[in-house]
Amino acid sequence: MLNFEYSIPTKIFFGRDKINVLGQQLKKYGTKVLLVYGGGSIKRNGIYDKVSSILNENHISYFELSGVEPNPRIETVRKGAELCRQNSIDIVLAIGGGSSIDCAKVVAAAAYYDGEPWDIVTDPGKIAKVLPIASILTLSATGSEMDTFAVITNMNTNEKLGTGHPDMAPKFSILDPTYTYSVPANQTAAGTADIMSHIFEAYFEKTKEAYLQNRMAEALLKTCIKYGKIAIEEPENYEARANLMWASSLAINGLLSYGKGSKWSVHPMEHELSAFYDITHGVGLAILTPHWMKYVLDETTLVNFVEYGINVWNIDENQDKYQIANMAIEKTKEYFISLGIPSKLSEVGIEEVKLEKMAEQATRFGKVGNFKPLDKQDVLSIFKAAF
Ligand code: NZQ
Ligand code: ZN
């Protein structure tokens, strides 16, 4: 296991009606709030009305940045930063999924940055100060509610890039599983695939003696496999929504990667798909993952896939190791299909002519991943296999 420093500073309020802490928690930071939310789901499911009545009761004034796009755009960040400066905002409150939370994070950093906000996406080193951020999570997927990262898209340059800063971790996040009852089946499926992919990024890694982290990863994977399906079949199943919600946060808050040298593989490839085609992040991940697994399976990675097959999919260990690994990969693919996620890039509108350009972009900062480092040709082969 590698050395590490442990810090997960976000305070989590988890469970039914935890929204009731909102007023008291916000007032610790001030009385002027910028609400950041998406295309209107929070107005349809009543969360917006609940939040605004709590703010009014607590004499907290609020301004709004609405219409945050899935795959949030830099133009929206610019608008939000301007609203913070014009209104002397004290705290930025995201209500939604990863897109609203990521947008809120970069808005909070851009509010203190004098130049063009895209600079702090391309170079996180330029982030010096960040307004406090809080979140009310409505979709279990990205883990943005408890991590320090944000992903922003610039459609003019077809770039989707991650940025981050320790102060971009939300001060607190409210996780009420009933707020995810209205998430449609396709987003529930994509969210489950995203959580699983975050776990895979930490799990498929070669650091020795990280036994504990790997067993925790397997427990989280089993949780997603069990409850992803139930949540789709029974959207108002509290147990399923609660388990997925907590798995979303634990998958990426550092718990699984502390002590391991993780450099992600499938995410950098997927981000090119959504940068060029604006597809749903979790769908791109689910399509690529089994093909990435097949491509990186060799003598050096076999042990990891055998462990995965036996511990996560309960495959009989008394058989050829490659057979176990390949069965595990097949089960992964079948599982995503059983959630209703398309299995080919061509099914989600991606064109073959762009595959090479996207492979080039994915590797522009060097090889992808460290489980088995991938160059442009490798990425292109995975894209072609997934096409
Ligand atoms: O915009 P609204 O109307 O709110 O609708 C959203 C959106 O259409 C809807 N939705 C959310 N909660 C709902 C709901 N609909 C009904 N009921 C609810 N309770 O779902 C759609 C997708 O929302 P979005 O926030 O885009 O999804 P997600 O949480 O998957 O976030 C995706 C973004 O996060 C980035 C992705 O790249 C993508 O841009 N990521 C962020 C990460 C991070 N910060 O650490 C890591 C991830 O790997 C990921 O890259
Ligand atoms: Zn992700």
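Every value quoted in this text rests on a predicted model; they were computed, and no experiment measured them.

*Asks:* Before we move on, can you summarise the coordination of the zinc ion (ligand 2) with the specific residues and values?
*Replies:* Protein coordination at the zinc ion (ligand 2): the donors are Asp194 (OD), His198 (NE2), His267 (NE2) and His281 (NE2), at 2.0 to 2.2 Å from the metal. Between consecutive donor residues of the zinc ion (ligand 2), the sequence gaps follow D-x3-H-x68-H-x13-H. Pair noted here: Asp194 and His198 are both in helix 7 (residues 185-203), with a separation of four residues, about one helical turn. Side by side, Asp194 and His198 carry an identical accessibility label, which is buried.

*Asks:* For helix 7, give the residues involved together with the corresponding values.
*Replies:* Its 19 residues give helix 7 an end-to-end C-alpha distance of 27 Å, which sits within 8% of 27 Å, the value for a rise of 1.5 Å per residue. With 16 of its 19 residues buried, helix 7 lies for the most part within the structure.

*Asks:* Account for the pattern of salt bridges, naming residues and giving values.
*Replies:* Taken as a whole and judged by the stated rule, the model has eleven salt bridges. We note a salt bridge from Asp278 to Arg73, for which the minimum N-O separation is 2.9 Å. Within this pair, whereas Asp278 is found in the loop between helix 10 (266-277) and helix 11 (281-296), its partner Arg73 is found in the loop between strand 3 (61-65) and helix 4 (74-86), the two being separated by 205 residues in sequence. Assessed through its relative accessible area of 35%, Asp278 is described here as partly exposed. For Arg73, a relative accessible area of 17% gives the class buried. Its salt-bridge partner being Asp298, residue Lys372 comes within 3.1 Å of it at the nearest N-O pair. Of the two residues, Lys372 is situated in the loop between helix 14 (355-362) and helix 15 (376-386) and Asp298 in the loop between helix 11 and helix 12 (302-313); the sequence distance between them amounts to 74 residues. You can call Lys372 partly exposed: its relative accessible area is 26%. What you see here is one network of salt bridges that share partners, running through Glu159, Glu272 and Arg364.

*Asks:* I'd like a description of the domain arrangement of the protein chain, backed by residues and values.
*Replies:* The domains assigned to the protein chain are domain 1 (11-179) and domain 2 (184-386). On a C-alpha basis, the centres of domain 1 and domain 2 stand 27 Å from each other. Carbon and sulfur atoms supply 59% of the area buried between domain 1 and domain 2, which totals about 2200 Å² over both sides. Where domain 1 meets domain 2, there are two salt bridges. Residue Arg364 pairs with Glu159 through a salt bridge whose shortest N-O separation is 3.7 Å. Here domain 1 and domain 2 share nine residue pairs in polar contact (both at pLDDT 80 or more) between them. Residue assignment for the side of domain 1 that touches domain 2 shows that the elements contributing at least two residues are strand 1 (11-14) and strand 7 (159-164). Of the residues assigned to the side of domain 1 that touches domain 2, the class counts are twelve nonpolar, seven polar and seven charged.

*Asks:* Pulling in residues and values, what's your account of helix 15?
*Replies:* Side chains of residues three or four places apart in an α-helix project in the same direction, reflecting 3.6 residues per turn. Within helix 15, the full set of buried residues consists of Asp378, Val379, Leu380, Ile382, Phe383 and Ala386. Taken together, the buried residues of helix 15 touch helix 10, helix 11 and helix 14. A side-chain oxygen of the first residue of helix 15 lies 3.1 Å from the backbone nitrogen of Gln377; this N-cap is Asp375.

*Asks:* Can you explain the environment of Gly254? Please cite residues and give values.
*Replies:* Position of Gly254 relative to the elements: it lies in the loop between helix 9 (238-252) and helix 10. Along the primary structure Gly254 and Asp147 are separated by 107 residues, whereas in three dimensions their C-alpha atoms are 7.9 Å apart.

*Asks:* Lay out the pairing of strand 2 (residues 32-37) in plain terms, naming residues and giving numbers.
*Replies:* Two faces make up the sheet, and in a regular strand the side chains alternate between them. In terms of burial, strand 2 is largely enclosed, as five of its six residues are buried. Taken together, the five bridges between strand 2 and strand 3 define a ladder with parallel strand orientation. Among the inter-strand pairings, Val36 is bridged to a residue of strand 3, identified as Leu65. Sheet topology places strand 2 next to strand 4 (residues 91-96); five bridges connect them, and they run parallel.

*Asks:* Any chance you could break down the nonpolar core for me, citing the residues and the numbers?
*Replies:* Within the largest apolar cluster, 64 residues are counted, with the highest numbers of intra-cluster contacts made by Met269, Trp292, Phe305, Tyr308 and Phe383. Per-element accounting of this core gives the leading share, nine residues, to helix 7. Setting aside residues up to four positions removed in sequence, Tyr308 forms contacts with Phe200, Tyr203, Phe204, Leu221, Met293, Trp313, Ala328 and Thr332. Counting 35 residues, the second largest nonpolar core, distinct from the first, contains Cys84, Ala109, Leu137 and Met168.

*Asks:* Give me the environment of Trp264: which residues, what numbers.
*Replies:* Its location among the elements puts Trp264 in the loop between helix 9 and helix 10. Residue class for Trp264 comes out partly exposed when judged on its relative accessible area of 27%. Sequence separation of Trp264 and Val296 is 32 residues, and the distance between their C-alpha atoms is 13 Å. Each residue touching Trp264, except ones within four places of it in the same chain, is listed here: His198, Glu201, Ile252, Val368 and Gly369.

Here is what the cut-offs are and how they apply
Residues numbered from 1 in each chain as written. Chains lettered and ligands numbered in written order. Predicted model: local features only at pLDDT ≥ 70, side-chain atom pairs only at ≥ 80, totals over all residues. Heavy atoms only, no water. Donors = N, O, S within 2.8 Å, 3.2 Å for Na, K, Ca; no water. Helix = DSSP H or I, 4+ residues; strand = E, 2+ residues; numbered from the N terminus. Buried < 20%, exposed > 50% of the residue type's maximum accessible area, 1.4 Å probe, protein only. Expected span 1.5 Å × (residues − 1). Salt bridge = Lys/Arg side-chain N within 4 Å of Asp/Glu carboxyl O. Domains from an automatic or database assignment. Buried area = accessible area lost by both parts, 1.4 Å probe. Polar contact = N/O pair within 3.5 Å; in protein donor to acceptor, adjacent residues only side chain to side chain. Nonpolar A, V, L, I, M, F, W, Y, C, P; charged D, E, K, R; others polar. Contact = heavy atoms within 4.5 Å. Pairing = 2+ DSSP bridges. Core = buried A, V, L, I, M, F, W, Y, C linked by side-chain atoms within 4.5 Å.

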